[in-house]
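Summary of structural features
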Amino acid sequence: MMIREVSTQEIIKVVKDLCIDANYNLGTDVLAAFDQAIENEKSETAREVLRELKENARIAREEKAPICQDCGLAVVFMEIGQDVHITGGDLKAAINEGVRQGYEEGYLRKSACNPITRKNTGDNTPAIIHLEIVPGDKIKLIVAPKGGGSENMSRVTMLTPAAGMEGVKDFVVNRVKESGSNPCPPTIIGIGVGGTFERSAMLAKKALLRTLGERNPDPELANIEKEIFARIEKLGIGPMGYGGTTTSLDVFLEMEPCHIASLPVAVNIQCHAARHKEAVI
Amino acid sequence: MSQQIRLTTPLTTDDVEKLRIGDKVLLNGVLFTGRDAAHKRLFDLIHDGKELPIDVKGQVIYYVGPTPAKPGKPIGSAGPTTSYRMDPYSPKLIELGLKGMIGKGNRSQAVIDAMKQFRAVYFGATGGAGALIAKRIKKAEIVAYPDLGPEAIRRLEVEDFPVTVINDTKGNDLFVEGISRYAQG
Ligand code: SF4
């Protein structure tokens, strides 16, 4: 087996470009979902908000401007093939350097700060880095900037096992209801069921990386996604919480085994500025 | 229920009394920006009986922390931030004559009561529509607290700045009424 070399210089460049691309260019799946929602939405006030979102995405793309002023914390997922050798220095330092350069050169807002003193770190680092070793000799990088408004509405809970799937559904729907207008609806809902406390949150976050419309391959879980989506639609929250029939654009659920004594559930709420871009080196 | 209205700041009591929840308003003239840190400073000045760096009478404050301006542009992307963080400070500013606030998300009952008592309104701007809103801002200059960076108080000149009335002077709330209209079961 040949070892493939990838330099940190290349990683810096790719991370930088992904930070900028993600912040300027909303995914085509989200744009298509806006179009669909404009057609189906019953409230005129809500349709006007959706039209603004569509127009906003067009202006951002054409003028190379951030979709939203909250350019988020830079969440970076990296899958490293086990036959890759990274050369030229510290990998995590390289990811952070890419974020630093991307947020500076892209005129993106830097939102990372000390949790208590609130002093801004000045360059949007440290990035939130998730590394995974996978088979192969490639590196896959995903940059998913995450805004504060929707992240603040996300929660993890440890249900009693007896609560079962009904308990999971109720927890998710209530969370969306209580979040109201705060996470900038229409939202995308990432749900992680199982694992441990932190694993459930990771599953919920990863679920948000799916393309809109992509169902869980397990038909039973796919049906639960649809059922939760239908219940959320009935909440009437609507775009920006002004009332309407478009509250979420999609619901993604991921499930893994957990401890016999637990039922961890995480809900990660993503706003309509659903930014994630990927590249393979 | 909704109408589209053009208004120019500073706003009068008459201007705001005509507004109803759900109305689409295009604001023209001047807006001042401010977020948590700037609000805290204004609040402390009021508490100490000192003069404020801006006269809030008839004015509208926009809760925003924009992205850095690209060369040749007055401002970067500039959508609203979540308003509840300003709730502890807003009633006092409304009492001093502030006529409007622009942000996203719910306000506290104390803020809603102050709007009713002293005749002011809360507008929502579309969260995440930062690039679109930036096009309606023609000029931006820092008028106080430059050390706060994106949180400094800026004076914005705006043209047809798009907002929706969320709380009017009668104590109505679009979040409550809009949602109850479309909620099922
Ligand atoms: S919740 Fe999302 S769309 Fe709304 S302001 Fe934050 S990042 Fe932007």
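None of the values given here were measured: they were computed from a predicted structure. Just so you know, the residues in each chain are numbered from 1, in the order the chain's sequence is written. Both sets of labels track the order of writing: A upward for chains, 1 upward for ligands. Reporting of local features is limited, given that this is a predicted model, to residues whose pLDDT is at least 70; pairs of side-chain atoms are given and counted only at 80 or more, and all residues count toward the totals for whole chains, interfaces and linings. Think of the side-chain values as coming from all heavy atoms in the structure, minus any hydrogens and water.

**Re the site of the ligand**
For clarity, the threshold we go by: To be near a molecule or strand, a residue needs just one of its heavy atoms within 4 Å of it. For this classification, Asp, Glu, Lys and Arg are treated as charged, while Ala, Val, Leu, Ile, Met, Phe, Trp, Tyr, Cys and Pro are nonpolar and the rest, including Gly, are polar. Just so you know, the domain bounds were taken from an automatic or database domain assignment.
Near the ligand you find 14 residues, and of these A:Cys68, A:Cys184, A:Cys271, A:Arg275 and B:Gly128 are the closest. Looking at what sits near the ligand, you find residues from chains A and B. Per-class residue counts for the shell around the ligand are five nonpolar, six polar and three charged. Both domain 1 (4-23 + 67-146) and domain 2 (149-274) of chain A contribute no fewer than three residues apiece to the shell around the ligand.

**Focus: the domain arrangement of chain A**
All names here are of chain A. Counted only if it meets this: Contacts are assigned to residue pairs with any non-hydrogen atoms lying within 4.5 Å of each other. Two parts lose some accessible area (1.4 Å probe) when they are put together, and adding that loss for both gives the buried area. When a carboxyl oxygen of Asp or Glu lies within 4 Å of a side-chain nitrogen of Lys or Arg, that pair is called a salt bridge. Here a polar contact is recorded for every N or O atom pair within 3.5 Å, except that within protein the pair must consist of a potential hydrogen donor and a potential acceptor, and residues adjacent in sequence are included only if both atoms are side-chain atoms. Every helix listed is a DSSP run of H or I at least four residues long, and every strand listed is a run of E at least two residues long, numbered separately from the N terminus.
Per the domain assignment, the segments making up chain A are domain 1 (4-23 + 67-146) and domain 2 (149-274). Between domain 1 and domain 2, the C-alpha centre-to-centre distance is 26 Å. Each partner contributes residues to the interface: domain 1 has ten residues there, and domain 2 has twelve residues. For the pairing of domain 1 and domain 2, the buried interface totals around 740 Å² over both sides, and the portion due to carbon and sulfur atoms is 67%. The largest contributions to the domain 1 side of the interface with domain 2 come from Phe77, His130 and Lys146, which together make up 64% of the buried area. The partner of Lys146 in a salt bridge is Glu151, and the shortest N-O contact between them spans 2.8 Å. Taken together, the connections running from domain 1 to domain 2 amount to four residue pairs in polar contact (both at pLDDT 80 or more). Listing elements by their share of the side of domain 1 that touches domain 2, those giving two or more residues are β2 (73-81), β4 (128-134) and β5 (139-146). Among the elements that make up the side of domain 1 that touches domain 2, the one with the highest residue count is β5 (three residues). When the residues that make up the side of domain 1 that touches domain 2 are grouped by side-chain class, the tally is six nonpolar, one polar and three charged.

**Section: the confidence of the model for chain B**
Note the following rule: Scored between 0 and 100, pLDDT is the confidence that the predictor attaches to each residue.
This prediction gives chain B a mean pLDDT of 92; 98% of its residues lie at or above 70. Both scores are available for the predicted complex, with the pTM at 0.93 and the ipTM at 0.89.

**Some points on the interface of chain B and chain A**
Listed by partner, the interface residues are 40 residues for chain B and 40 residues for chain A. Interface area, chain B with chain A, both sides summed: about 3,200 Å², of which 56% is carbon and sulfur. When the area that chain B buries against chain A is broken down by residue, the three leading residues are B:Lys70, B:Leu132 and B:Tyr182, summing to 19%. Taken together, chain B and chain A are joined by three salt bridges. Salt-bridge contacts for A:Glu63 lead to B:Lys135; the nearest nitrogen and oxygen are separated by 2.6 Å. Scanning the region where chain B abuts chain A turns up 19 residue pairs in polar contact (both at pLDDT 80 or more). Elements with a contribution of two residues or more to the side of chain B that touches chain A: α5 (130-134), β7 (153-167) and α6 (174-182) of chain B. No other element matches α6(B), which puts five residues into the side of chain B that touches chain A. Here the residues of the side of chain B that touches chain A sort into 18 nonpolar, 16 polar and six charged.

**A few points about the nonpolar core**
One recurring pattern in soluble globular proteins is that nonpolar side chains are buried together. In plain terms, the rule: Residues enter a nonpolar core if they are buried and are Ala, Val, Leu, Ile, Met, Phe, Trp, Tyr or Cys, with the set joined through side-chain atoms within 4.5 Å. Exposure is judged per residue with a 1.4 Å probe applied to protein chains only, and the accessible area is read against the type maximum: over 50% gives exposed, under 20% gives buried, and values in between give partly exposed.
Judged by nonpolar contacts, the single largest core of 82 residues is most densely connected at B:Leu27, B:Leu31, B:Tyr62, B:Ile102, B:Phe123 and B:Phe161. If one sorts the elements of this core by residue count, β7(B) sits on top with seven residues. Beyond its immediate chain neighbours, meaning those up to four positions away, B:Leu27 contacts B:Leu7, B:Ile102, B:Phe123, B:Val158, B:Glu159, B:Asp160, B:Phe161 and B:Val163. Counting residues in each nonpolar core, the second largest holds 28 residues, with A:Ala74, A:Val76, A:Leu91 and A:Leu108 among its members.

**Here we look at the pattern of salt bridges**
Residues and elements named next belong to chain A. As enumerated under the stated definition, the model contains 41 salt bridges over all chains in all. The partner of Lys13 in a salt bridge is Asp17, with the nearest N and O atoms 2.5 Å apart. Taken as a pair, Lys13 and Asp17 lie in helix α1 (residues 8-24) at a separation of four residues, close to a single helical turn. In this structure Asp17 comes out as partly exposed when scored by relative accessible area, which is 32%. In this structure, Glu55 and Arg58 form a salt bridge, with 2.7 Å as the shortest nitrogen-oxygen distance.

**Some points on unusual backbone geometry**
The residue after A:Pro185, namely A:Pro186, is reached through a cis peptide bond having omega 10°. Locating A:Pro186 in the fold gives a position in the loop between α6 (164-179) and β7 (187-195). Following B:Thr9, the chain continues to B:Pro10 via a peptide bond in cis, the omega torsion being -5°. Locating B:Pro10 in the fold gives a position in the loop between β1 (4-8) and α1 (13-17).

**Structural notes on α6(B)**
All names here are of chain B. Defined as follows: Throughout, the arc means that of the directions going from the helix axis to the C-beta atoms.
Within α6, burial applies to Leu174, Phe175, Gly178, Ile179 and Tyr182. Burial along α6 is one-sided: seen end-on, the buried residues are contained in an arc of 110°. Exposed positions of α6 whose direction lies more than 90 degrees from the buried face are Val176, Ser180 and Arg181. Next to the buried residues of α6 lie β7. Measuring from the backbone nitrogen of Phe175 back to the side-chain oxygen at the start of α6 gives 2.8 Å, which picks out Asp173 as the cap.

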